[in-house]
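Commentary on secondary and tertiary structure
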Amino acid sequence: MFAAENGLKGDPRLEAISAAIRVVPNFPKKGIMFQDITTLLLDHKAFKHTIDIFVDRYKDMQISVVADDMQMIVGVEARGFMFGPPIALAIGAKFVPLRKPGKLPGKVISESYELEYGHDRLEMHVDAVEPLERVIIIDDLVATGGTLSAAISLMESQGAEVVECACVIGLPEVKGQHKLKGKPLYVLVEPSGLDEFC
Amino acid sequence: MSGNKQEEDPRINGIKTKIRVVPDFPKKGIMFQDITTVLLDPKAFKDTIDLFVERYRDKNISVVAGIEARGFLFGPPIALAIGAKFVPLRKPKKLPGETIFEEYELEYGNDRLEMHVGAVEAGDRALVVDDLIATGGTLCAAINLLERVGAEVVECACVIELPELKGRQRLKGKPLCMLVEYR
């Protein structure tokens, strides 16, 4: 679900965030309108708004849910690393990086996911997550949901509970979808730019 | 904290004990400094960021440059806290816009660090952040990129230093701030 439909309608911060995202046509290949969040990171105010919106939401979830605190933020390499840690720090949660194969030094579990051509794998340290831990998964953008689905599988394989997936940008494929693999999906903005999307 | 071991802030030992050393990764003989275990401890992670923020908040830093990928874990929280831009320095072909690059040496061969054109401007005061300094090759490449566009590199900040590799001497005279040494 988009933030504007879920309590933040008309919030000027969303417009500032959207305006700060740059569209780069034909990257990584022709026809793709790449949503570049590096310009958001250059805009301190807009970057802070992004983090604040997620922090407000997940801090509140601790209160509204009778069960334990939100214990863990999981971020997908590499752009999820730029949003996940600030959120984790602000709400006092652990941060767990999900990485491309071969990067994590300890014992890992992995999950493969489909790319347009071929597959890739996502890895996580086995001892990072414990059963029943409550988790938010963060990435900069959700398109098909393949990466997030793989991340959800990794969490569930360790008995953790994925409370929600959160992304700054959600492509049109996800509009109207409130859930990803049965998990709620929370997105701040739609893509900036034109007709064709990644 | 910082270049010389002066009076150590009490938070530093807490951080040090959270770093996990993994032998023989990525290859035999290397004692890999794993900071993911610091990220699993909210207090240790917060202390790490706070120590850097306290040092830099009054230094008029306008940009924090973080080196892919572990520099992305520490750089943005520091940037947010001190009111600076965050700029990711990335491996080739990841950044979508127009980039400049700097080559640096690996044990076998070279690699490149890229930065978006226009992200950093002449006159920007920059902090370079990575999780660890070893030989200093990557940090040196980062300093070069920033200086080429006219920024002033104020300092390099790393959680961990491997002093025996003498990376500190490859920073073009720029100071290094580190929290934990591993010998």
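Quick note: structure is the one above.
As a starting point, this report considers the structure included with it. (Residues numbered from 1 in each chain as written. Chains lettered and ligands numbered in written order. Predicted model: local features only at pLDDT ≥ 70, side-chain atom pairs only at ≥ 80, totals over all residues. Heavy atoms only, no water.)

**Describing the overall build of chain B**
- Each helix and strand in chain B was counted, giving five helices and nine strands.
- Each helix and strand of chain B, placed in order from N terminus to C terminus, yields the pattern α-β-β-α-α-β-α-β-β-β-β-α-β-β.
- Here the C-alpha radius of gyration of chain B, 16 Å, is about what a compact globule of 183 residues would show, namely 16 Å.
- Dimensions of chain B, computed from the C-alpha atoms along their principal axes, are close to 40 × 40 × 30 Å.
- Counting the 183 residues in chain B, one finds 57% classified as buried.
- At a minimum sequence separation of 6, the contacts of chain B that also span at least 24 residues come to 59%.
- Here chain B displays about 8,000 Å² of accessible surface, and carbon together with sulfur accounts for 48% of that area.
- If you average the places of the 27 positive and of the 28 negative side-chain charges in chain B, the two averages end up 2 Å apart. (Helix = DSSP H or I, 4+ residues; strand = E, 2+ residues; numbered from the N terminus. Rg over C-alpha atoms; globule rule 2.2 N^0.38 Å. Buried < 20%, exposed > 50% of the residue type's maximum accessible area, 1.4 Å probe, protein only. Contact = heavy atoms within 4.5 Å. Areas by Shrake-Rupley, 256 points an atom, 1.4 Å probe, with all protein chains shown as cover. Lys, Arg positive; Asp, Glu negative; His and termini not counted. Charge placed at Lys NZ, Arg CZ, Asp CG, Glu CD.)

**A word on the layout of surface pockets**
- The calculated volume of the second largest pocket comes to roughly 350 Å³.
- If you trace the second largest pocket, you find 14 residues lining it, with Pro86(A), Leu89(A), Ala90(A), Pro77(B) and Ala81(B) closest to the centre.
- Its residues placed into classes, the lining of the second largest pocket shows ten nonpolar, no polar and four charged. (1 Å grid on protein atoms, 1.4 Å probe; cavity = no way out; pocket = protein on both sides within 12 Å on 5 of 7 lines; lining within 4 Å. Points joined across faces, edges and corners; volume = space filled by probe spheres on them. Nonpolar A, V, L, I, M, F, W, Y, C, P; charged D, E, K, R; others polar.)

**As for helix 1 (residues 12–20) of chain A**
Residue and element names in this part refer to chain A.
- Along helix 1, the residues classified as buried are Leu14, Ile17 and Ala20. Projection of helix 1 onto a plane perpendicular to its axis shows the buried side chains occupying an angular sector of 130°, all on one side. Opposite the buried face of helix 1, at more than 90 degrees from it, the exposed residues are Pro12, Glu15 and Ala19.
- Capping the start of helix 1, Asp11 holds a side-chain oxygen 2.8 Å from the backbone nitrogen of Arg13, two or three residues further along. (Arc of directions from axis to C-beta. Polar contact = N/O pair within 3.5 Å; in protein donor to acceptor, adjacent residues only side chain to side chain.)

**Some remarks on the sheet that holds strand 8 (residues 152–161) of chain B**
All names here are of chain B.
- Strand order in the open sheet formed by five strands is 4-3-7-8-9, with parallel pairing between adjacent strands. With partners counted over all chains shown, the strands left at the sheet margins are strand 4 (85–89) and strand 9 (176–181), one partner each. The sheet shows a mean angle of 20° between the axes of neighbouring strands, taken without regard to direction.
- Inspection of the sheet shows strand 8 paired to strand 9 by five bridges, in the parallel sense. Bridging across to strand 9, Glu161 finds its partner in Glu181. (Pairing = 2+ DSSP bridges. Axes fitted to C-alpha atoms, helices over the stretch in contact; angles between N-to-C directions.)

**Quick word on unusual backbone geometry**
- The peptide bond linking Phe27(A) to Pro28(A) adopts the cis configuration, its omega dihedral lying at -5°.
- Relative to the helices and strands, Pro28(A) is located in the loop between strand 1 (22–25) and strand 2 (33–36).
- The amide bond that connects Phe25(B) to the next residue, Pro26(B), takes the cis arrangement and shows omega of -5°.
- Within the element layout of this structure, Pro26(B) appears in the loop between strand 1 (20–23) and strand 2 (31–34).
- Unlike most non-glycine residues, Asp24(B) shows phi in positive territory, near 60°.
- Along the chain, Asp24(B) turns up in the loop between strand 1 and strand 2.
- Overall, the relative accessible area of 40% leaves Asp24(B) in the partly exposed class.
- The phi dihedral of Lys93(B) falls on the positive side, at around 70°, and the residue is not glycine.
- You can see Lys93(B) is positioned in the loop between strand 4 and strand 5 (99–105).
- Using a relative accessible area of 70% as the deciding quantity, one classes Lys93(B) as exposed.

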